[in-house]
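Observations on the three-dimensional arrangement
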Amino acid sequence: MSESNAEAVASAVASATEAAAGGWRRATGIAGVAIGVVAAGAAAGVAIERLTVGRGMRQKARLALDSAGPYGGLRGTPGRAYADDGTELYYEVDDVDPEAESVLTRRRRRLFGRKAPAPVTVVFSHGYCLNQDSWHFQRAALRGVVRTVYWDQRSHGRSGRGVAQTREDRPVTIDELGRDLKAVIDAAVPEGPIVLAGHSMGGMTVMALADAYPELVRERVVAVALVGTSSGRLGEVNFGLPVAGVNAVRRVLPGVLKALGQRAELVEKGRRATADLFAGIIKRYSFASRDVDPAVARFAERMIESTPIDVVAEYYPAFNDHDKTEALAHFAGLPVLVLAGVRDLVTPSEHSEAIADLLPDAELVLVPDAGHLVMLEHPELVTDRLADLLARAGAVPAAATVDGYGSTSSTAGPG
């Protein structure tokens, strides 16, 4: 995108903000345009591919993929925790298969030196505008092999809307998410060793937990996986765009999002009207390889689409404020996996390298042909490295079989 185009985008966004402040005349149209313009500020020109296919055909394709796609259908034993402000947090537990228990117990006895040690539990935290189902392939692979917990961050998935946000009109903070994770652990994993795994915002949540509860990390955490995440300086990310364009959009984006969040119902109508544009943008910022299974791409699209615009607005300020670099010290001495896609435009791989520099004993894995949703794009690789981490932590025996995670290439069937 040229600088002149960037300036045009910024001007259009500013006009949308002014219109919002002026009473939202032609509200539905303006909301749709504003959403489209903000998105275009992140990826101008992405929609060209979509314009070559009839809109009706695209709609039918989406419906077909929604009905046929198996992704996100895995369910476990449900549970609910409550945040310190009263927000209901939904989680699910997948327990160990009894048939595998004898093998796992023998391994744990060697590693932990106790006759009947508590089972290791892996707690997965998802990213911004996603939900627990974003770990679908890893969940399929680990199911029955190790006890796992998957939860939905506040205002995402099946969790309740943030009480502090709806009652006090207060934006979300990463520190708040760390406390939410602690509430889930208290409810779902009250005792025993824990492995913490977080993608993107979920990794930031894990860092915030360590910052607020270092004794929990010291006493109970046996390994950590940080996937496509950052410990800070997110305000410097350019999303693959010219600096002038990014700075122009960044100046007006908070005001636009806040205004749109206050007219959520109208905005959602406009958002649906620009679904094709969003689909192209979501794909660009989620994946890097060309042969991602269309059903997987649509699965990611559905998760992101399901996040209401007011929730998007509530979370946005948290990322510029996020700085948990010092909290990484609490993971020193633990088995740590730091993994990222080299072509991640949302949390660039340089941020993962910076984390690994502060944790010299961590395993750093950079995936060349991968974007932000690396665990969906290259599930075999991510699951393999997670399995190795779990073996090093004693959560599974080194010879444990984890499979069934399938492939996301367009030539392979679903896992």
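The rules behind the values
Residues numbered from 1 in each chain as written. Predicted model: local features only at pLDDT ≥ 70, side-chain atom pairs only at ≥ 80, totals over all residues. Heavy atoms only, no water. Helix = DSSP H or I, 4+ residues; strand = E, 2+ residues; numbered from the N terminus. Buried < 20%, exposed > 50% of the residue type's maximum accessible area, 1.4 Å probe, protein only. Contact = heavy atoms within 4.5 Å. Pairing = 2+ DSSP bridges. Axes fitted to C-alpha atoms, helices over the stretch in contact; angles between N-to-C directions. Patch = residues over 30% accessible without salt bridge, like charges linked within 9 Å, V, L, I, M, F, W, Y side chains within 5 Å. Areas by Shrake-Rupley, 256 points an atom, 1.4 Å probe, with all protein chains shown as cover. Salt bridge = Lys/Arg side-chain N within 4 Å of Asp/Glu carboxyl O. pLDDT = per-residue confidence, 0-100. Phe/Tyr/Trp six-rings, centres within 6.5 Å; stacked < 30°, edge-to-face > 60°. Expected span 1.5 Å × (residues − 1).

1. Remarks on unusual backbone geometry
- Even without a glycine there, the phi angle at Cys129 is positive, about 65°.
- Residue Ser200 is not a glycine yet carries a positive backbone phi of 55°.
- Mapping Ser200 onto the fold places it in the loop between strand S5 (194-199) and helix H9 (201-212).
- With relative accessibility at 6%, the residue Ser200 sits in the buried group.

2. Concerning the environment of Leu142
- Within the secondary structure, Leu142 sits in helix H6 (residues 136-142).
- Distance in space between the C-alpha atoms of Leu142 and Asp95 is 9.9 Å, their sequence separation being 47 residues.
- With near-sequence residues (within four places) excluded, Leu142 lies in contact with Phe124, Thr148, Leu390 and Val402.

3. Looking at the sheet that holds strand S3 (residues 121-125)
- Reading across the sheet, the 8 strands line up as S1-S2-S4-S3-S5-S6-S7-S8 and stay open at both edges, with mixed pairing between neighbours. Strand pairing shows two members of the sheet lacking a second neighbour, strand S1 (77-82) and strand S8 (363-367), which therefore form its edges. For this sheet, the mean inter-axis angle between neighbouring strands, taken without regard to orientation, is 20°.
- Sheet topology places S1 next to strand S2 (residues 88-94); 6 bridges connect them, and they run antiparallel. Each residue of the ladder has a partner; that of Tyr82, found in S2, is Glu88.
- Sitting on the sheet, helix H8 (residues 174-188) touches S1, S2, S3, strand S4 (147-151) and S5, and the angle it makes with S4 is about 140°.
- Across the sheet, H9 is in contact with S3, S4, S5 and strand S6 (221-227); its angle to S5 comes to roughly 135°.

4. Re a nonpolar patch on the surface
- A cluster of nonpolar side chains, contributed by Val342, Leu364 and Leu366, occupies part of the molecular surface with about 200 Å² of accessible area.
- You can see Val342 is positioned in the loop between strand S7 (336-341) and helix H16 (349-358).

5. Describing the confidence of the model for the protein chain
- Mean pLDDT over the protein chain stands at 78; residues scoring 70 or higher make up 65%.
- Below a pLDDT of 50 lies the segment residues 1-53, which in the model reaches 75 contacts outside its immediate sequence neighbourhood of four places, other chains included.
- Confidence drops under a pLDDT of 50 for residues 405-415, and excluding neighbours within four residues, the segment shows 35 contacts in the predicted structure.

6. Digging into the packing of aromatic side chains
- If you walk through the whole model with that rule in mind, you get 6 aromatic pairs.
- On the numbers, 5.3 Å between centres and 50° between planes, the contact of Tyr71 with Phe137 is tilted. Of this pair, Tyr71 sits in the loop between helix H4 (55-68) and S1 while Phe137 sits in helix H6; the two residues are 66 residues apart in sequence, bridging distant segments of the chain. Note on accessibility: Tyr71 and Phe137 belong to one class, buried.
- Ring plane angle 40° and centroid distance 6.0 Å describe the contact between Tyr128 and Tyr315, whose orientation is recorded as tilted. One end of the pair, Tyr128, is in the loop between S3 and H6; the other, Tyr315, is in helix H15 (residues 309-321), and 187 residues separate them in sequence.
- Members of the aromatic cluster, each reached through a chain of ring pairs, are Tyr71, Phe137 and Phe299.

7. Here we look at the pairing of S2
- Within S2, 6 of the 7 residues are buried, which leaves it mostly tucked inside the rest of the structure.
- Hairpin connection from S1 to S2: 5 residues lie between these consecutive antiparallel strands, with Gly86 at a positive phi of about 95°.
- Taken together, the 4 bridges between S2 and S4 define a ladder with antiparallel strand orientation. Within S4, the position partnered with Val93 by the bridge is Val149.

8. Overview of the pattern of salt bridges
- Throughout the structure, instances matching the rule amount to 27 salt bridges.
- The partner of Asp85 in a salt bridge is Arg154, and the shortest N-O contact between them spans 2.9 Å. Taken together, the residues span a long stretch of sequence, with Asp85 in the loop between S1 and S2 and Arg154 in the loop between S4 and helix H7 (163-168) at a distance of 69 residues. Like Arg154, Asp85 is buried.
- For Asp175, the salt bridge goes to Lys324, with nearest N and O atoms at 2.7 Å. Residue Asp175 is located in helix H8, and its partner Lys324 is located in the loop between H15 and S7; the two are separated by 149 residues in the primary sequence.
- If you follow the salt bridges from partner to partner, you end up with Arg75, Glu92, Asp94, Asp133, Arg139 and Arg143 in one network.

9. Re H8
- Given a rise of 1.5 Å per residue, 15 residues ought to cover 21 Å, and the 21 Å separating the end C-alpha atoms of H8 matches this to within 8%.
- By the criterion of burial, H8 is predominantly enclosed, with 11 of the 15 residues buried.
- All of the buried residues in H8 are Ile174, Glu176, Leu177, Gly178, Asp180, Leu181, Lys182, Ala183, Val184, Ile185 and Ala188.

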